[in-house]
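Coordinates in review
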Amino acid sequence: MNVTVSKGNLHDFSVCLPASKSLSHRALIAAGLSSTGCRLHHVADNNDTSATMHALKMRGASFTKDGEDWLVHGCSHGAIPAQPIDCCESGSTLRFLIPLFAVQPGTAAFTGHGRLMQRPQSVYADLFAKQGLRFEKQGDILYAEGPLSCGTYQAAGDVSSQFISGLLFALPLLPGESRIIVSEPFESESYVGLTLDILHKAGIRVNRQGNTFTVPGNQTYHMPAYTVPGDDSQAAFFAALALISDKDGDILNMDHDSHQGDHVILDHMRAFGAEVSEIPNGYHIHAADPHGAVIDLGDCPDLGPMEFAMAACVRGDSTFLHAGRLRIKESDRIACMKEEMAKLGCMLEDDGDTVYVHGGKGALRPSAVLGHNDHRIVMALSILAACSEQPITIEDAQAVNKSYPDFYQDLARTGAKISYDH
Ligand SMILES: O=C(O)C1=C[C@@H](OP(=O)(O)O)[C@@H](O)[C@H](O)C1
Ligand SMILES: C=C(OP(=O)(O)O)C(=O)O
């Protein structure tokens, strides 16, 4: 699908964020492991969370829709399906579920689409090899053998926190105590915090001392009823729109007490010269004095694409530190943003782990841009287009379905002009 976006009648706006994708995955998993049954409210409905639900069904959980809620009946030790488990394009689904299917004997097969099966699995590859278990990719199928043993798991912290979250979900189901020791730098650490929050709600005990997580075995999940909060990662798009377009934006369904690492978007917005104030159920963003900033993306990589684009439109240059892992997401988010922003006349340079964006861009050069099948690239480019007098066409725009299927409906409520070419 191609979508053409321009400024149209852009005005002050109010947008209500969808439910958090990260917390939805976690709540679905904790519920899918609870045999006591559980009601989940406001679960994010997108391709990634559907992949997690589908995989949990293959493991033996059942999900029934009751109005807006999901009623979940789970099981702690599920079946290993004969068919490959299709994780679609979701890194979270694949990395959270590999160890869960490996708590029992047998070999589970996983597959995926887009770039998923090329994204790194080195942390699990090493851990499975140490236990003499098969962990092997043949074409687009990954085979992972169980049973994992209790004991000590040494895991690199600089590839993806999703490996640590995956182990934290699975190790409580093993018969004895385990320890995970994460090496520095421990990047995207806040996401492990979200996993611990959900485990705690589900009655699972984990003792954390620094980078060492001690997990008693033989535990049982009891996920209580839970409402998934709004998605702070998605706030970046509309906060950036407010800053670049000089329209005031109310961003609703954003928890004031959020533990999501991407809540830091509010601090980033202040660093870029926005005034941010608390309002009931969210935040008000006002572009006071937009200018460049120095931003650390180590704990919040998903904010990168939108912030690169925003940085091009403000006065002065910006620097993004610890950005290297953006290369191993749904696309190489540094190379893709560089390529697409160049088409619009914006300049991004990179040097290893650091990205530099030259600010001060006035009118964007009208051009068709590619979304590279990456939802965050598509949404970042669409926000730039919504600030442009000239229409800009974004190709591959259906990628928004990965995390935010209603993105264009919400963008249309800001007054931006949007047309679709299916
Ligand atoms: O645990 C999670 O929900 C996620 C962790 C992050 O990945 P990394 O840990 O690989 O950075 C983030 O980029 C991803 O979108 C969601
Ligand atoms: C990287 C992302 O998700 P995942 O790793 O789950 O595919 C994302 O949502 O930007």
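Residues numbered from 1 in each chain as written. Chains lettered and ligands numbered in written order. Predicted model: local features only at pLDDT ≥ 70, side-chain atom pairs only at ≥ 80, totals over all residues. Heavy atoms only, no water.

1. Some points on the environment of Ile 29
What counts here: Counting from the N terminus, the helices are DSSP H or I runs at least four residues long and the strands are E runs at least two residues long. When accessible area is computed with a 1.4 Å probe and restricted to protein chains, residues below 20% of their type maximum are described as buried, those above 50% as exposed, and intermediate ones as partly exposed. Only heavy atoms matter for contacts: two residues are in contact if any of them lie within 4.5 Å across the pair.
With respect to the element layout, Ile 29 can be found in helix α1 (residues 21-32). Here Ile 29 falls in the buried class, since its relative accessible area comes to 0%. The sequence separation of Ile 29 and Val 72 amounts to 43 residues, and the corresponding C-alpha distance is 10.0 Å. What Ile 29 contacts, discounting residues up to four positions off in sequence, is Thr 52, Leu 56, Phe 96, Leu 97, Leu 100 and Phe 169.

2. Examining the nonpolar core
Stated formally: Take the buried residues of types Ala, Val, Leu, Ile, Met, Phe, Trp, Tyr and Cys, join any two whose side-chain atoms come within 4.5 Å, and each joined set is a nonpolar core.
With 75 residues, the main nonpolar core has Phe 238, Phe 308, Phe 407, Tyr 408 and Leu 411 as its most contacted residues. The leading source of residues in this core is helix α7 (residues 232-245), at 10 residues. Excluding its chain neighbours within four sequence positions, the residues that come into contact with Phe 407 are Phe 237, Phe 238, Met 379, Ser 382, Ile 383 and Val 400. In terms of nonpolar packing, the next biggest core, distinct from the first, is built from 71 residues, Ile 29, Ala 108, Val 159 and Leu 199 among them.

3. Examining the side chain of Ser 190
Relative to the helices and strands, Ser 190 is located in helix α6 (residues 189-201). Ignoring any residue separated from it by four or fewer positions in sequence, one finds Ser 190 in contact with Gly 261 and Asp 299.

4. A word on helix α5 (residues 162-170)
Counting buried residues in α5 gives nine out of nine residues, a clear majority hidden from the surface. Among the residues of α5, those classed as buried are Gln 162, Phe 163, Ile 164, Ser 165, Gly 166, Leu 167, Leu 168, Phe 169 and Ala 170.

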